[in-house]
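Observations on the model geometry
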Amino acid sequence: MPPRKYLPLALNMDSRSAVVIGGGEPAFFKAVLLVDFGISTTVLVEPTTDVDTRIQELAEAEAITLHDRGYNPQDLEGHYLAVVATGDRVTDYRVESDARSRGLLVNVVDDPAHCDFFASAYVRHGPISIAVNSGGASPGFTAALKDDVASHYGPEIEEHLSHYLKWRKMVQDLVPTFHEREQIWRDLRAAGLYDLLRAKGPDAALKLVESRLDERSSSS
């Protein structure tokens, strides 16, 4: 079977919500992911389910909405994403069908053939997220790669972003067209702007940005 094609993208979840069906550890980890990105999350569990205590703690902290009255297809209404983690495949596929019929994007935990999306391993600092995945082929390798990324990129990347935002405004103010701006950023990447920022600091990096802008000005 050829590998599945997945598009790496950032999904706008502003004013959208997610629902997690299940109360075990897999459901907990999915709920934590959603909450970490500020997504309004509801968790649905059966009254007889042995709910992971960490899910209960999330509910007590008002990080999620927890309903333990049992699954009802109507509870899917109004949500954008559904994560299905009941631990029973017959139930999982029934919930999946209910969710798809209502237009939700669906993730059936640990079953890539029944997933519209899956969660990447990620490193996050402030507004910056670095996500890695293997197309669902090897979560173990993906986690190892994420740990390697985390060892190289720490909280300092938030400060790095702040410098790039200043430089972006400089370029936007001085360069009128999108095509020219893109060319400048390609040139700066090729010249090692980020390596310079990390190795010698923002003053040295700023000089490189200014020199590229001066070169453009003198050639135009």
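Structural notes, computed from the coordinates. (Residues numbered from 1 in each chain as written. Predicted model: local features only at pLDDT ≥ 70, side-chain atom pairs only at ≥ 80, totals over all residues. Heavy atoms only, no water.)

Topic: the pattern of salt bridges
Going by this rule: Within this document, salt bridges are pairs made up of a side-chain nitrogen of Lys or Arg and a carboxyl oxygen of Asp or Glu, the two lying within 4 Å of each other. Only protein chains enter the area calculation, which uses a 1.4 Å probe; residues under 20% of their type maximum are buried, those over 50% are exposed, and those in between are partly exposed. Helix and strand assignments follow DSSP, with helices taken as H or I runs no shorter than four residues and strands as E runs no shorter than two, numbered in order from the N terminus.
Throughout the structure, instances matching the rule amount to 13 salt bridges. Residue R54 pairs with D52 through a salt bridge whose shortest N-O separation is 2.9 Å. R54 sits in the partly exposed class, given a relative accessible area of 28%. The class for D52 is buried, based on a relative accessible area of 13%. Between R100 and E96 there is a salt bridge, and its shortest N-O distance comes to 3.0 Å. With R100 and E96 both in helix α3 (residues 89-101) and four residues apart, this pair spans about one turn of that helix. E96 sits in the buried class, given a relative accessible area of 8%. Each of E25, D52 and R54 takes part in one network of salt bridges that share partners.

A closer look at unusual backbone geometry
The phi angle of most residues is negative, glycine excepted, and most peptide bonds adopt the trans form. One non-glycine residue, S15, lies in positive phi territory at about 65°. Mapping S15 onto the fold places it in the segment before β1 (17-21). By relative accessible area, which is 76% here, S15 ends up exposed.

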